[in-house]
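Residues per chain, in single letters:
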Amino acid sequence: MLLRFTPDSAFVLASGGPDQIDAHPDANLAERIRLPGVLIPGLVNAHTHLDLSHIGPLPHDPALGFGPWLAMVKKNRATSAEKVRASVVLGARLSLAGGVIAVGDIAGAGRAEPLEALRGSPLSGVCYLECFGHGARIPSAVARARTALAAHASRGSRVAIGLSPHAPYSAGRGLYEGLAATGAPMCTHLAESREEREFIATRGRSGQLHDLLVGLGVWDDSISESIAGRSGVAHIADLLATTPMLLAHVNDVDDADIAALARAGAHVVWCPRGHRYFGRPESVGPHRWRDMLAAGVNVSLGTDSIINLPPQDASRLSPLDDARLLFRDEAADPGALLRMITANPARALGLDPRAFDLAPGPLAGLGVVEAEGSGDAARAVMASSAPPRLLFANGFSFAEPFDARFPRASPWITA
Ligand SMILES: [Zn+2]
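Residues numbered from 1 in each chain as written. Predicted model: local features only at pLDDT ≥ 70, side-chain atom pairs only at ≥ 80, totals over all residues. Heavy atoms only, no water.

Turning to helix α3 (residues 81–97), a few remarks are in order. Here α3 is 17 residues long and its end C-alpha atoms lie 24 Å apart, about the 24 Å a rise of 1.5 Å per residue gives. Against β5 (100–107), α4 (113–119) and β14 (389–393) lie the buried residues of α3. The positive-phi residue at the C-terminal boundary of α3 is Gly99, with phi of around 80 degrees. (Helix = DSSP H or I, 4+ residues; strand = E, 2+ residues; numbered from the N terminus. Expected span 1.5 Å × (residues − 1). Contact = heavy atoms within 4.5 Å.)

In this section: the packing of aromatic side chains. Considering all chains together, one arrives at 10 aromatic pairs under this definition. Plain terms: the ring middles of Phe66 and Tyr169 are 6.3 Å apart, the flat faces sit at 80 degrees to each other, and that makes the pair edge-to-face. Here the residue Phe66 occupies a position in helix α2 (residues 66–76), and Tyr169 occupies one in the loop between β7 (159–165) and α6 (173–180), the gap between them amounting to 103 residues. The exposure class assigned to Tyr169 is buried, which follows from its relative accessible area of 5%. With a centroid separation of 4.8 Å and 85 degrees between ring planes, the pair formed by Tyr277 and Phe278 is classed as edge-to-face. Of the two residues, Tyr277 and Phe278, neither departs from the other in class, the shared state being buried. Through successive ring pairs, a cluster of aromatic residues spans Phe66, Trp69, Tyr169, Phe199, Tyr277 and Phe278. Residue placement shows Arg93 over the ring face of Trp412; its charged tip is 5.7 Å from the ring centre. (Phe/Tyr/Trp six-rings, centres within 6.5 Å; stacked < 30°, edge-to-face > 60°. Buried < 20%, exposed > 50% of the residue type's maximum accessible area, 1.4 Å probe, protein only. Lys NZ or Arg CZ within 6 Å of the ring centre and 35° of its normal.)

The next thing to look at is unusual backbone geometry. Working note: non-glycine residues mostly have negative phi, and peptide bonds are mostly trans. One non-glycine residue, Arg203, lies in the positive phi region at around 50 degrees. When you line up the elements, Arg203 lands in the loop between α7 (194–201) and α8 (208–216). Judged by relative accessible area, Arg203 falls into the partly exposed class, the value being 41%.

What follows deals with the sheet that holds strand β12 (residues 361–363). Reading across from one edge, β1-β2-β12 is the order of the three strands in this open sheet, with antiparallel pairing throughout. The open sheet has two free edges, formed respectively by β1 (2–6) and β12, since each of these has just one partner strand. If you compare each strand with its neighbour and ignore which way they point, the axes differ by 35 degrees on average. Pairing of strand β2 (residues 9–14) with β12 involves three bridges; the strand directions are antiparallel. Directly across from Phe11, in β12, lies its bridge partner Pro362. (Pairing = 2+ DSSP bridges. Axes fitted to C-alpha atoms, helices over the stretch in contact; angles between N-to-C directions.)

Further remarks concern the nonpolar core. Soluble globular proteins tend to pack their nonpolar side chains together in the buried interior. Ranked by size, the top nonpolar core spans 99 residues in total, and within it Leu163, Val250, Leu261, Met292, Leu337 and Phe356 carry the most contacts. Each residue touching Leu337, except ones within four places of it in the same chain, is listed here: Leu301, Ala323, Leu326, Phe327, Ala332 and Met382. The next biggest cluster of nonpolar side chains, apart from the first, holds 18 residues, and it includes Leu52, Phe199, Ile200 and Phe278. (Core = buried A, V, L, I, M, F, W, Y, C linked by side-chain atoms within 4.5 Å.)

Two numbers describe a pair of packed helices, the interaxial angle and the distance between the axes. At their nearest, the axes of α6 and helix α10 (residues 232–242) sit 11 Å apart, and the two run at 20 degrees to each other. It follows that α6 is roughly parallel to α10 by the angle criterion. In terms of crossing hand, the pair formed by α6 and α10 is right-handed. Together, Arg173, Tyr176, Glu177 and Ala180 of α6 and His235, Ile236, Asp238 and Leu239 of α10 make up the contact between the two elements. Taken together, the residues of the contact of α6 with α10 break down into four nonpolar, one polar and three charged. (Parallel < 35°, antiparallel > 145°, perpendicular 65-115°, else oblique. Left-handed = near helix turned anticlockwise from the far one by under 90°. Nonpolar A, V, L, I, M, F, W, Y, C, P; charged D, E, K, R; others polar.)

Another aspect to go through is the coordination of the zinc ion. Here the zinc ion is held by His47 (NE2), His49 (NE2) and His189 (NE2), and the distances to it run 2.1 to 2.2 Å. On the accessibility criterion, His189 (4% relative accessible area) is buried. (Donors = N, O, S within 2.8 Å, 3.2 Å for Na, K, Ca; no water.)

With that out of the way, let us pick up the sheet that holds strand β13 (residues 365–369). Strand order in the open sheet made by the four strands is β3-β13-β14-β15, with antiparallel pairing throughout. Sheet topology places β3 (38–41) and β15 (396–397) at the edges, where each strand pairs with a single neighbour. Direction of pairing for β13 relative to β14: antiparallel, over a ladder of four bridges. Bridge pairing links Val368 to Arg389 in β14.

Take a look at the structure:
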């Protein structure tokens with residue numbers, strides 16, 4: 001690969017084999033560096049909750065349902081500003097250790113620390129502020145979101161502020177509409193579980209999620225009137241058609257839902273390891289990511305929070321590990337998998353997807369993976385179990401040969 005460096009970025013002049021490189025007129029002027037392994041673009045993790053990183057992986061029995069899991073997270077999650085900030089810093093380090101240079105992160109309701117911590121890190125992307133509320137609580141939730149947007153405008157920052165109505169059962173239709181009207185980048189958890197399907201199908205009047213709202217003291221009958229359609233996707237399909245949205249999970253869909261997602265130009269981020277952790281294969285079946293891609297939906301892979309990762313994977317937060325799972329267990333196409341952790345999620349986060357592949361053009365970051373084999377680089381990366389190692393990202397150097405080009409990202413490198 002032949003690169004040109006500017007003070008805060010890199011540009012690929014030529015890529016491919018030695019013949020393609022040497023054919024470039026600038027090739028004989030270039031300094032040559034030999035790197036062991038296969039080069040990869042910086043990775044993008046479009047769905048994570050970095051503020052939960054301090055908790056680490058926790059076991060969960062899917063048969064108990066969502067309520068006990070939520071209670072476990074509530075009990076363990078940091079509440080002080082200092083600890084939330086430290087947890088996001090830890091999450092940023094684990095992301096970089098996983099070759100990730102951009103994230104779609106969910107910040108807990110009312111918290112500015114995740115956004116501030118991310119803006120102080122070498123990462124780029126979007127930090128979505130989580131919003132909850134039904135019925136009479138909606139106007140104040142929208143007002144708080146508008147105040148946060150005004151206080152943390154994205155101007156010139158590598159990390160934009162976005163908004164995330166949590167999910168159809170915890171955020172009313174009116175909240176989705178009020179947040180969409182701000183024009184901020186939007187993300188939501190959608191069509192995640194069988195329980196959510198039941199909530200929508202009964203217009204919120206029965207099931208575990210109904211009981212959860214009653215238990216929290218936030219159920220009111222107006223919720224029923226605002227629920228439309230027969231599925232999570234149908235419930236907000238008309239809004240999706242006018243508001244580009246990043247949709248996390250989308251585990252439970254039928255053909256009509258997939259067609260609606262494609263028509264709306266929605267972006268889906270699926271979390272394969274989380275899918276297993278929450279027992280989704282048994283409760284809602286296999287994820288239909290291949291059908292979505294075939295229909296033209298932009299599908300990415302994300303990690304979700306560290307809580308749902310296998311303990312042996314928790315030294316990094318990397319969607320490459322999710323891609324490798326699909327390579328191994330679903331014989332997925334390695335090139336498609338690589339796009340689902342680079343250019344696809346970049347597009348979903350409003351970043352320039354061209355900066356997340358190795359073709360001539362801008363390059364946001366570069367990593368290397370120790371891998372066997374030659375020819376098909378994506379296949380070698382997916383077949384390897386070696387961690388990705390970042391070389392440079394977003395104007396920071398992570399490895400010695402690039403220290404002359406960019407400032408060293410020393411405090412962010414985990415051993
Ligand atoms: Zn999530």
